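Fold and contact review
So you can see what is in the structure, the chains are spelled out below.
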Amino acid sequence: VDRFIQDPRFGDTLLDFSLMFIGFRQDLLRTPGEGSDSKQRPYLPYVFAHPQTIRASAEVLNNGDFFHLFDLHPDLYIEQLTRPNVGPDEPPENEKLTASQLRALHFKKLQLELDHLIALAEKVPVPRDEVCQQFMTLVGTYVFSDFLGLGSSIPFNFFFSADYYGKTYGICSGAQSAGYDFKAAFTDIQKKNDLLFQAILPFESEVYHPSSLTQFKQLDLRTIIPSFHYSVFTDFSVASVLANSSTNYNRKRAAYILKRFFCDDLTPVNVETPAVHAGGQHANSPSCFACHYKLDPMAGFFRYYGTQFNEYSQSPTIFFDDGASAKLADYIKAWQPGPDATHPDNIGYIRSIRDPSKNFYGSNLDDLFQFMKTAPEVRNCVVKRAYEYLVSPDQTVDGEYLDYLTQNFNDDIARSGSGVGIKNLFKSIVLSKTFSTPNPDRDNCDDHNPGQKPRTTAPCKVAAIISKNCVKCHQSTDDDGSLDLTQWQKLPDGSTGFLHLDSNRKPTSATATAQLMLDRIGDPNPEQRMPKGTEMPSQDRQQLYLWLNSVISPPRSSLNGEVK
């Protein structure tokens with residue numbers, strides 16, 4: 001294991017895991033087969049759509065910081081450049097040119113066409129309609145039709161930023177053009193074209209075909225436009241999946257963050273609602289509040305982002321992916337007021353309704369992504385996802401074993417950094433009993449905290465949750481509720497479960513006990529809800545809730561044993 005972790009090929013494992021962690025993993029990283037394409041361009045294009053995963057994986061190989069995975073504006077890594085399209089008006093011999101030769105020819109042609117536009121812009125008066133018509137055609141050919149062969153390597157929002165084509169494109173698309181200096185704009189575009197051409201030379205197919213993560217190169221577009229920042233939400237694959245409608249209020253985006261980075265899938269279990277709900281929110285109903293008390297504040301981080309993740313903070317109107325629009329000032333009222341004067345907006349990661357000091361409050365996505373680099377819930381989630389990735393997402397795992405791995409992970413981070421922490425985490429899981437057991441029992445836990453005594457308590461799936469949250473008050477049938485949660489045993493009726501006595505001191509069935517526990521952990525009345533007088537982490541409550549449901553209504557199995 002140590003030898004493999006030091007091998008550059010471990011980078012593909014890290015990259016695959018990182019893509020899985022953020023929720024955009026596909027079946028393959030590399031081009032299948034032994035053909036020339038697989039040798040020249042071994043990595044599939046989608047890998048480069050998420051450069052934060054490349055940076056994080058490369059950092060781990062060098063014992064650096066894995067938490068670059070949560071860079072909102074990561075460095076841009078691009079694939080080998082594709083061959084430019086050949087236009088119908090080009091001579092046939094252009095088909096014989098190499099990709100780099102054809103690209104250089106097209107760049108030269110683009111600059112000559114801009115020379116022509118500059119000459120037009122020098123006329124008095126400026127023939128604005130003619131200038132704009134030719135400019136729009138030029139952009140359509142060289143950017144939208146990929147005449148330069150840059151494909152998805154250069155994000156569209158780079159070309160359409162105000163400092164490149166964007167402002168002139170907007171002027172010609174219908175904005176007020178009176179007084180606009182077209183000559184200066186075209187001259188500036190020519191300068192940026194020259195800079196871009198020089199910047200992409202190292203990525204030509206004749207010189208760039210990385211065979212491992214260690215050979216990936218960065219493209220710093222800020223040398224051309226200093227203000228440009230690539231965003232993890234820029235890529236179309238992300239923007240299209242996380243669309244925002246006029247009625248959604250960014251909740252789909254919030255659910256993605258909570259599920260992928262906090263391992264919180266928002267299983268609806270009642271929680272204690274505050275005395276006063278924020279006015280006008282969908283979460284006013286207690287049954288809705290069970291999810292929305294977390295969902296809505298998380299959605300607030302995205303409040304200025306509308307269609308295709310365009311940012312509208314400086315606009316009076318925000319536009320949505322469903323084609324609707326709204327006044328921005330009215331739209332952002334959905335996250336007002338906040339919990340107190342210190343936090344005027346209800347935007348954050350909510351751990352507790354009763355104690356706001358336990359929560360994280362922020363204002364924008366930069367705040368959120370910085371928070372995720374240190375949040376204990378995110379580190380717990382990294383450990384959980386690593387176990388799911390290396391073993392199986394369906395394999396039952398002991399909660400105290402995950403706590404043990406998480407503690408070791410945090411200790412490694414404190415001593416040597418998150419890169420070393422990830423390596424040691426992978427090593428521990430690969431050397432676990434479950435990993436090396438052929439066809440392990442999905443419902444059994446073979447790995448435990450080394451200091452843990454053999455269990456006689458609940459099944460390992462929930463034993464740690466019950467031990468942390470419930471056993472303190474339910475250690476015997478003489479305690480509260482006549483329920484003993486310290487022993488998982490054979491009951492008089494033949495079922496297996498916790499010993500629980502009814503009002504006549506008679507043992508109840510395992511199903512009846514599970515139903516009572518389910519009712520109590522989801523009771524909307526804070527006086528009745530368990531655990532009494534304390535807050536159970538929402539992820540623990542969700543897992544216990546789902547397990548109790550499975551005890552009450554076991555999954556139906558087919559003849560071949562597959563769960564239906």
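As the structure is a prediction and not an experimental result, all values here were calculated from the model. (Residues numbered from 1 in each chain as written. Predicted model: local features only at pLDDT ≥ 70, side-chain atom pairs only at ≥ 80, totals over all residues. Heavy atoms only, no water.)

1. Some words on the overall build of the protein chain
Secondary structure assignment for the protein chain yields 21 helices and six strands. For the protein chain, the C-alpha atoms occupy an extent of roughly 100 × 55 × 50 Å along the three principal directions. Counting the 564 residues in the protein chain, one finds 48% classified as buried. Partitioning the intrachain contacts of the protein chain with sequence separation of at least 6 by distance along the chain shows that 62% fall at a separation of at least 24. Side-chain charges of the protein chain comprise 55 positive and 67 negative groups, with the mean position of each set lying 2 Å from the other. (Helix = DSSP H or I, 4+ residues; strand = E, 2+ residues; numbered from the N terminus. Buried < 20%, exposed > 50% of the residue type's maximum accessible area, 1.4 Å probe, protein only. Contact = heavy atoms within 4.5 Å. Lys, Arg positive; Asp, Glu negative; His and termini not counted. Charge placed at Lys NZ, Arg CZ, Asp CG, Glu CD.)

2. Section: the packing of aromatic side chains
Evaluated as defined, the whole model comprises 52 aromatic pairs. On the basis of an interplanar angle of 70° and a centroid distance of 5.3 Å, the ring pair of Phe158 and Tyr164 is categorised as edge-to-face. Residue class for Tyr164 comes out buried when judged on its relative accessible area of 2%. Directly above the ring of Phe309 sits Arg253, whose terminal nitrogen or CZ lies 3.8 Å from the centroid. (Phe/Tyr/Trp six-rings, centres within 6.5 Å; stacked < 30°, edge-to-face > 60°. Lys NZ or Arg CZ within 6 Å of the ring centre and 35° of its normal.)

3. Points about the environment of Leu61
Note on placement: Leu61 falls in helix α4 (residues 51-61). Given a relative accessible area of 15%, Leu61 falls into the buried group. The spatial distance from the C-alpha of Leu61 to the C-alpha of Thr214 is 8.3 Å, given a sequence separation of 153 residues. Ignoring sequence-local partners within four residues, the contact set of Leu61 consists of Asp7, Pro8, Phe10, Gly11, Leu14, Leu213, Thr214 and Lys423.

4. Notes on the layout of surface pockets
In this structure, the second largest pocket spans a volume of roughly 1,300 Å³. Lining of the second largest pocket is provided by 40 residues; of these, Pro155, Phe156, Asn157, Phe228 and Thr234 occupy positions nearest its centre. Going through the elements one at a time, α7 (156-159), α10 (236-241) and α14 (365-372) are the ones with two or more residues in the lining of the second largest pocket. (1 Å grid on protein atoms, 1.4 Å probe; cavity = no way out; pocket = protein on both sides within 12 Å on 5 of 7 lines; lining within 4 Å. Points joined across faces, edges and corners; volume = space filled by probe spheres on them.)

5. Some remarks on helix α17 (residues 418-430)
Its 13 residues give α17 an end-to-end C-alpha distance of 18 Å, which sits within 8% of 18 Å, the value for a rise of 1.5 Å per residue. Those residues of α17 hidden inside the fold are in contact with α1 (2-5), α2 (10-22), α4, α15 (376-390), α16 (399-416) and α18 (433-436). (Expected span 1.5 Å × (residues − 1).)

6. Examining the state of the cysteines
Counted according to the given criterion, the structure contains three disulfides. One disulfide in the model links Cys445 with Cys460; its S-S distance is 1.9 Å. Because the torsion about its S-S bond is 75°, the bridge between Cys445 and Cys460 counts as right-handed. Highlighted residues: Cys445 in the loop between α18 and α19 (460-469) and Cys460 in helix α19, separated in sequence by 15 residues. One exposure class covers both Cys445 and Cys460, and it is buried. By sequence order of its bonded cysteines, the protein chain has the disulfide arrangement 1-2, 3-4, 5-6. Unpaired in this structure, Cys470 has its nearest cysteine sulfur neighbour in Cys473, at a distance of 8.8 Å. (Disulfide = S-S within 2.5 Å.)

7. Regarding the packing of helix α5 (residues 99-121) against helix α9 (residues 182-200)
At a minimum axis distance of 9 Å, the contact between α5 and α9 shows a crossing angle of 170°. Between α5 and α9, the angle falls in the class roughly antiparallel. Across the interface between the two elements, Arg103, Ala104, Phe107, Leu110, Gln111, Leu114, Asp115, Leu117, Ile118 and Ala121 from α5 touch Phe182, Lys183, Phe186, Thr187, Ile189, Gln190, Asn193, Asp194, Leu196, Phe197 and Ile200 from α9. Across the contact of α5 with α9, the residue classes tally to 13 nonpolar, four polar and four charged. (Axes fitted to C-alpha atoms, helices over the stretch in contact; angles between N-to-C directions. Parallel < 35°, antiparallel > 145°, perpendicular 65-115°, else oblique. Nonpolar A, V, L, I, M, F, W, Y, C, P; charged D, E, K, R; others polar.)

8. Some points on unusual backbone geometry
The peptide bond linking Val124 to Pro125 adopts the cis configuration, its omega dihedral lying at -5°. Relative to the helices and strands, Pro125 resides in the loop between α5 and α6 (128-144). Following Gln336, the chain continues into Pro337 via a peptide bond in cis, with omega recorded as 0°. Tracing the chain through its elements places Pro337 in the loop between α13 (328-331) and β3 (348-349). The phi angle at Ser482 is positive, at roughly 50°, despite the residue not being glycine.

9. Here's the deal with the pairing of strand β6 (residues 496-500)
One ladder, built from four bridges, connects strand β5 (residues 483-490) with β6; its direction is antiparallel. Looking across to β6, one finds that Lys490 is bridged to Thr496. The antiparallel hairpin formed by β5 and β6 contains five residues in its connecting segment, where Gly494 sits at a positive phi of about 95°. (Pairing = 2+ DSSP bridges.)

10. So, the confidence of the model for the protein chain
On average, residues of the protein chain score 87 in pLDDT, and 91% of them reach the 70 mark or higher. Low pLDDT, under 50, characterises residues 272-287; the predicted model gives this stretch 26 contacts beyond four residues in sequence or across chains. (pLDDT = per-residue confidence, 0-100.)

11. Considerations on the side chain of His474
Along the chain, His474 turns up in the loop between α19 and β5. By relative accessible area, which is 13% here, His474 ends up buried. Excluding residues that lie within four positions of it along the chain, His474 makes contacts with Asp479, Asp480, Leu483, Asp484, Leu485, Thr486 and Met530.

12. Considerations on the packing of α2 against α17
Running from N to C, α2 and α17 cross one another at 95°; their axes reach a closest spacing of 13 Å. In terms of orientation, α2 and α17 fall into the roughly perpendicular class. The residues of α17 that touch α2, namely those facing Phe10, Thr13, Leu14 and Phe17, are Ile422, Lys423 and Phe426. By residue class, the composition of the contact of α2 with α17 is five nonpolar, one polar and one charged.

13. Comments concerning the pattern of salt bridges
Applying the stated rule across the entire model yields 23 salt bridges. Here Asp321 ties to Arg253 by a salt bridge, and the two come within 3.7 Å at their closest N and O atoms. Of the two residues, Asp321 is situated in the loop between β1 (317-319) and β2 (325-327) and Arg253 in helix α11 (residues 251-262); the sequence distance between them amounts to 68 residues. Owing to a relative accessible area of 28%, Asp321 belongs among the partly exposed residues under this scheme. Arg253 gets classed as buried once you look at its relative accessible area, which sits at 0%. A cluster of three or more residues bridged by salt bridges with shared partners is formed by Arg55, Glu59, Asp75, Asp220 and Arg222. (Salt bridge = Lys/Arg side-chain N within 4 Å of Asp/Glu carboxyl O.)

14. Some points on the nonpolar core
Generally speaking, nonpolar side chains in soluble globular proteins are found buried as a group. Membership of the largest hydrophobic core comes to 125 residues, with the highest contact counts inside it found for Phe158, Tyr165, Leu196, Phe233 and Phe262. By size, the runner-up hydrophobic cluster in this structure holds 19 residues, among which are Cys470, Leu483, Ala514 and Met536. (Core = buried A, V, L, I, M, F, W, Y, C linked by side-chain atoms within 4.5 Å.)

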